[in-house]
Amino acid sequence: MQMEVLDVSPELAAEWLTRNTGNRPLSKAAVQQLAGRIQRGEWQLTHQGIAFDEDGVLIDGQHRLAAIAKAGVTVPLTVTHGVPRTAFTVMDTGRKRTGRDTLALAGEANSTHLAAALRGLHLYLNAPDSPWSGGSSVTSNDQLLAMLDKHPGIRDALHPGIALNRACRITVTAATIGWYVTTEARPDIDQTSWREGIVTGARLEPGDPRLTLRNTMLSLATGKAHRRRDDSREHLLYYLKAWNAWVEGRSIKLLRRSPNETMPRISRQTATVPAHGVPLQP
């Protein structure tokens, strides 16, 4: 076998793809994800590249080549020639490094929840009204690390997020993002009673936004209400609706989501003494 590092242009990538005669079907979502990484400058040269067998047939790397062609950017790539055909059955069978793996290797605690929260925060900030499932919602590991660098407070937001999840089954992702973005947008608000009300449900009157959110989440969790595939987006939408009502001192007895409803903006209003009787100011 012979290995070399070459700068592979979109034109060369397209040419080499014509030698692809026996690979698995091409995944458009995987190509789009890789192309996005290339266009954002996240591509890095590694030992993983493309491979041709003894007859010059492409046997590994079709997604990388398709992504280079789609991105329209030349990148360095490890190219191996003369790989025995018998090696094809054991190629590319390893598990890809996940966002959780990347964060754990960086020394982050709660890496599973943190990765999901960072992905959700990225979608909330960049595509709040798009579905948070499917290929278009994929977030690269480099994007997760960049989000963490820009929003380090998401680490602390995990603690109330986990507490709210245990109390009413709202997803940790939605609760963490909800806590983080409202705290960042409204540092003037003491949210202690917001969290305690949802966690305990004690002495809350009907129409209190905290009780309404708590009951809505519990109903969703027990199957009494319709569930959607992108649960975290739906839960965050309910969270922000209830939080806005709470901070404005409004009662709200029902939380629902219309098919094309957009993500609520964080309220800038403040009621000195809300309708539910708990002052928001410290």
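Preceding this section is the structure that the text describes.
Owing to the predicted nature of the structure, the values given are computational and were not obtained by experimental measurement.

1. Here we look at the sheet that holds strand β3 (residues 58–60)
Then, in step 1: Reading across the sheet, the four strands line up as β1-β4-β2-β3 and stay open at both edges, with mixed pairing between neighbours. Bordering the open sheet on either side are β1 (2–8) and β3, each of which pairs with just one other strand. Taken pair by pair, the neighbouring strands of this sheet meet at an average axis angle of 35°, ignoring direction.
Then, in step 2: Relative to strand β4 (residues 75–83), β1 is paired through seven bridges, and the arrangement is antiparallel. Bridge assignment links Glu4 to a residue of β4, and that residue is Val79.
Then, in step 3: Seen against the sheet, helix α1 (residues 10–17) touches β1, β2 (50–53), β3 and β4 and runs at an angle of roughly 130° to β1.

2. A short note on helix α6 (residues 141–150)
Then, in step 1: Looking at α6, one finds that the buried residues are Gln143, Leu144, Met147 and Leu148. Angular distribution of buried residues about the axis of α6 spans 140°; they occupy a single face of the element. In this structure, α6 carries Asp149 and Lys150 as exposed residues pointing more than 90 degrees from its buried face.
Then, in step 2: Here the buried face of α6 lies against α4 (99–105), α5 (111–126) and α7 (154–168).

3. Brief notes about the packing of aromatic side chains
The geometry of two aromatic rings is summed up by the distance between their centres and the angle between their planes.
Then, in step 1: The final tally for this structure, using the stated rule, is four aromatic pairs.
Then, in step 2: Ring plane angle 75° and centroid distance 5.4 Å describe the contact between Trp16 and Phe52, whose orientation is recorded as edge-to-face. Of this pair, Trp16 sits in helix α1 while Phe52 is found in strand β2, placing the two residues 36 residues apart along the sequence.
Then, in step 3: In this structure Trp16 comes out as buried when scored by relative accessible area, which is 7%.
Then, in step 4: A centroid spacing of 5.4 Å and a plane angle of 80° characterise the contact between Trp194 and Tyr239, whose relative ring orientation is edge-to-face. Residue Trp194 is located in helix α9 (residues 192–200), and its partner Tyr239 is located in helix α11 (residues 231–248); the two are separated by 45 residues in the primary sequence.

4. A short note on unusual backbone geometry
Of all residues except glycine, most have a negative phi; of all peptide bonds, most are trans.
Then, in step 1: Although it is not a glycine, Asn110 sits at a positive phi angle of roughly 50°.
Then, in step 2: By the secondary structure assignment, Asn110 is in the loop between α4 and α5.
Then, in step 3: Among the residues examined, Asn110 registers a relative accessible area of 38% and is labelled partly exposed.

5. Section: the pairing of β2
Then, in step 1: Burial of β2 is two-sided: the residues Ile50 and Phe52 facing one way and the residues Ala51 and Asp53 facing the other way are all buried.
Then, in step 2: With three bridges connecting them, β2 and β4 associate as parallel partners. Pairing of Ala51 across the sheet is with Thr80, part of β4.
Then, in step 3: Bridge count between β2 and β3: two bridges; the pairing is antiparallel.

What counts and what doesn't
- Along each chain, residues carry numbers from 1 onward, in the same order as the chain's sequence is written.
- Thresholds applied to this predicted model are a pLDDT of at least 70 for local features of residues and 80 or more for the giving and counting of side-chain atom pairs; totals over whole chains, interfaces and linings are not thresholded and use all residues.
- The basis for every side-chain value is the complete set of non-hydrogen atoms in the structure, without hydrogens or water.
- Strand pairing is defined by DSSP finding a minimum of two bridges between the two strands.
- Elements are defined by DSSP. Helices are runs of H or I of four residues or more, strands are runs of E of two residues or more, and each kind is numbered from the N terminus.
- Only the stretch in contact is used when a helix axis is fitted, and all axes are lines through C-alpha atoms; the angle between N-to-C directions ranges over 0 to 180 degrees.
- Every residue pair with non-hydrogen atoms within 4.5 Å of one another is taken to be in contact.
- Buried means the residue's accessible area, taken with a 1.4 Å probe over protein chains only, is under 20% of the maximum for its type, while exposed means over 50%, and partly exposed covers the values in between.
- Our arc is simply the arc of the directions from the helix axis toward the C-beta atoms.
- Pairing of aromatic side chains here covers Phe, Tyr and the six-membered ring of Trp, requires ring centres within 6.5 Å, and sorts the geometry by plane angle: under 30 degrees stacked, over 60 edge-to-face, intermediate tilted.

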